[in-house]
Amino acid sequence: MRDPAGFAAFYEQQFDTVLGFVTRRVDSPHLAADLTADIFVAALENAHTYDARRGAPVAWLYGIARNVISAHFRGSTREQHAVARIAGRRLLDDQDVSAIEERIDATRAARQLAAVHAALSEPLREVLDLVALDGLTTREAAQALGISSAAARVRLHRARKALRATEQTRTAHREAVLEATQ
């Protein structure tokens, strides 16, 4: 990943994965494209920090993606502007916008599920998202979050338990409403 050809191959391999990660978290095609570009710029700038002994490249990249998206939503505009100046963006054409909108529509169900688990604490949601939505192992999620594997397993267990309880409550409420209308 440290030479231009290697990074280009890495970019080609991981682009859809990163764009999928981003589109599960935002609903604007332009913002998704911008954040995806920002993630790869940050990865290129930090390629020298990647250590293969610490885990898979995708987990390292998800850690970067999580940080970039968090910085955006926290309003870290100074960092966003610095990355944007380096990025050399191209304008999106109608075909690009349509493709990103299709991807966003395809992940709408995932965003609706995210709304269901919005009541979870942020640490529980982070582990659940990385494992359930992004397909990382619990160990890789722990690496991306900078926590131990044991802590990630505990958080994942608690998140799943809370979601099951929420779904059972929603099912019971739905059945009560249906029964009342009959």
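It should be noted that the structure appears before, not after, this text.
Worth saying up front: this structure is predicted, and the values here are computed from it rather than measured. (Residues numbered from 1 in each chain as written. Predicted model: local features only at pLDDT ≥ 70, side-chain atom pairs only at ≥ 80, totals over all residues. Heavy atoms only, no water.)

J.: Whenever I open this one, the pattern of salt bridges confuses me. Can you help?
T.: Two side chains of opposite charge can pair, provided their charged atoms sit close to one another. Evaluation of the coordinates by the stated rule reveals five salt bridges. The partner of Asp16 in a salt bridge is Arg103, and the shortest N-O contact between them spans 3.5 Å. Highlighted residues: Asp16 in helix α1 (residues 4–23) and Arg103 in helix α5 (residues 94–106), separated in sequence by 87 residues. The partner of Asp51 in a salt bridge is Arg53, with the nearest N and O atoms 3.0 Å apart. Overall, the relative accessible area of 22% leaves Asp51 in the partly exposed class. Through salt bridges with shared partners, a single ionic network connects Arg24, Arg25 and Asp134. (Salt bridge = Lys/Arg side-chain N within 4 Å of Asp/Glu carboxyl O. Helix = DSSP H or I, 4+ residues; strand = E, 2+ residues; numbered from the N terminus. Buried < 20%, exposed > 50% of the residue type's maximum accessible area, 1.4 Å probe, protein only.)

J.: Sorry, what's going on with the nonpolar core here?
T.: Across soluble globular proteins, you tend to see nonpolar side chains buried next to one another. Judged by nonpolar contacts, the single largest core of 37 residues is most densely connected at Val22, Ile39, Trp60, Leu61, Tyr62, Ile64 and Leu130. Top contributing element to this core by residue count: helix α3 (residues 57–73), with eight residues. When residues no more than four places from it in sequence are discounted, the contact partners of Leu130 are Phe21, Tyr62, Gly135, Leu136, Ala141, Ala144 and Leu145. (Core = buried A, V, L, I, M, F, W, Y, C linked by side-chain atoms within 4.5 Å. Contact = heavy atoms within 4.5 Å.)

J.: Just to check I follow, could you spell out a positive patch on the surface for this structure?
T.: Judged by side-chain charge, Arg158, Arg160, Lys161 and Arg164 come together as a positively charged surface patch. Along the polypeptide, Arg158 turns up in helix α9 (residues 149–181). Looking at Arg158, the relative accessible area reads 52%, which means it is exposed. (Patch = residues over 30% accessible without salt bridge, like charges linked within 9 Å, V, L, I, M, F, W, Y side chains within 5 Å. Areas by Shrake-Rupley, 256 points an atom, 1.4 Å probe, with all protein chains shown as cover. Lys, Arg positive; Asp, Glu negative; His and termini not counted. Charge placed at Lys NZ, Arg CZ, Asp CG, Glu CD.)

J.: Teacher, can you tell me more about the environment of Arg25 here?
T.: In this fold, Arg25 is placed in the loop between α1 and α2 (29–45). Take Arg25: its relative accessible area is 23%, and that puts it in the partly exposed class. Those residues in contact with Arg25 that sit more than four places away from it in its chain are Ile69, Phe73, Asp129 and Asp134. Here the side chain of Arg25 touches Phe21 through a polar contact of 2.9 Å, landing on its backbone oxygen. (Polar contact = N/O pair within 3.5 Å; in protein donor to acceptor, adjacent residues only side chain to side chain.)

J.: Mind showing me how you'd approach α1 here?
T.: Taking 1.5 Å per residue as the helical rise, α1 with its 20 residues ought to reach 28 Å, and the 27 Å between its terminal C-alpha atoms agrees with that figure. Largest kink in α1: about 50 degrees, centred on Gln14. Residues of α1 that are buried include every one of Phe7, Phe10, Gln14, Val18, Leu19, Gly20, Phe21, Val22 and Thr23, and no others. (Expected span 1.5 Å × (residues − 1). Bend = angle between axes of the 7 residues up to and from the residue.)

Any link to function would need more than the numbers given here.
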